[in-house]
Amino acid sequence: MPPDPRRIAFAPVMPEHYPLLAAWLEAPHWREWWGDPVEELGFIRDMVEGRDTTRPFLILLDGRPVGYIQVWFVGHHQNEGWTKDHPWLAALPARAVGVDLSIGAEGDLSRGIGSAALGAFVARLRAEGHDTIIIDPDPANARAVRAYGKAGFRPIPALLGRTGEGVLILQHDPKANEIS
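Residues numbered from 1 in each chain as written. Predicted model: local features only at pLDDT ≥ 70, side-chain atom pairs only at ≥ 80, totals over all residues. Heavy atoms only, no water.

A. Geometry of the sheet that holds strand β7 (residues 170-172). Sheet architecture is open: seven strands sit in the order β1-β2-β3-β4-β5-β7-β6, paired in mixed fashion. The open sheet terminates on both sides in strands that have one partner only, identified here as β1 (8-12) and β6 (153-155). Averaged over all adjacent pairs, the angle separating strand axes in this sheet is 35 degrees, with direction ignored. Here three bridges tie β6 to β7, and the two strands are oriented antiparallel to one another. By the bridge assignment, Arg154 is partnered in β7 with Gln171. Its contacts with the sheet put helix α6 (residues 142-150) on β4 (97-103), β5 (133-135), β6 and β7, and the angle it makes with β6 is roughly 115 degrees. (Pairing = 2+ DSSP bridges. Helix = DSSP H or I, 4+ residues; strand = E, 2+ residues; numbered from the N terminus. Axes fitted to C-alpha atoms, helices over the stretch in contact; angles between N-to-C directions. Contact = heavy atoms within 4.5 Å.)

Encoded structure:
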């Protein structure tokens, strides 16, 4: 049974969290879907230090860090540098936001934390006024695709087959049955 979303909180990533994130980035379940751990931690540092507009957070369950989640702004990526390799970005509204997440420790996988955290994070984003929220898993990451579906994310029909290999664009459906 997934955790009650009221037990989930989010804390902005701070420099003191870098050792924890570095350890998670080295874990096999992260290495499968994320890039080089040193490079990825560098991207997170850029976010924390204001060189990237993406906002990174730790996922907390009862105050304990259990994962990582970030929100990025689609409009900031609708430029030639990004759309050349990811043309699907141009098909989305500039006001849309994207979310990425991973569960920290392998022992916390398949416990419903990801779906519960994503549902709580989406509620937070909606309260901030975001109405188009996407997530872009690798379709081969069946665990993530299932979790995102449980949190109310559905494929964008117009983008099916147009994103290249390794990307499935899902959009949150506010009418979907979210975990509550």
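B. Structural view of the pattern of salt bridges. One pass over the full model with this rule turns up eight salt bridges. Close ionic contact of Arg7 with Asp62 constitutes a salt bridge, the shortest N to O distance being 2.6 Å. With Arg7 in the segment before β1 and Asp62 in the loop between β2 (55-61) and β3 (64-73), this residue pair connects regions lying 55 residues apart in the sequence. Arg51 is the partner of Glu49 in a salt bridge, and the nearest nitrogen-oxygen pair spans 2.7 Å. When its relative accessible area of 55% is taken as the criterion, Arg51 is described as exposed. Salt bridges here are not isolated pairs; linked through shared partners, they connect Asp46, Glu49 and Arg51. (Salt bridge = Lys/Arg side-chain N within 4 Å of Asp/Glu carboxyl O. Buried < 20%, exposed > 50% of the residue type's maximum accessible area, 1.4 Å probe, protein only.)

C. Examining the pairing of β4 more closely. A large share of β4 lies buried, amounting to seven of its seven residues. Burial along β4 is two-sided: the residues Val97, Val99, Leu101 and Ile103 and Gly98, Asp100 and Ser102 are all buried. Inspection of the sheet shows β3 paired to β4 by seven bridges, in the antiparallel sense. Across the sheet, residue Tyr68 finds its bridge partner in β4, namely Ser102. In terms of strand pairing, β4 meets β5 through three bridges, oriented parallel. Each residue of the ladder has a partner; that of Val99, found in β5, is Ile135. Handedness of the crossover joining β4 and β5 through helix α5 (residues 113-127): right-handed. (Right-handed = clockwise from strand over helix to strand, strands pointing away.)

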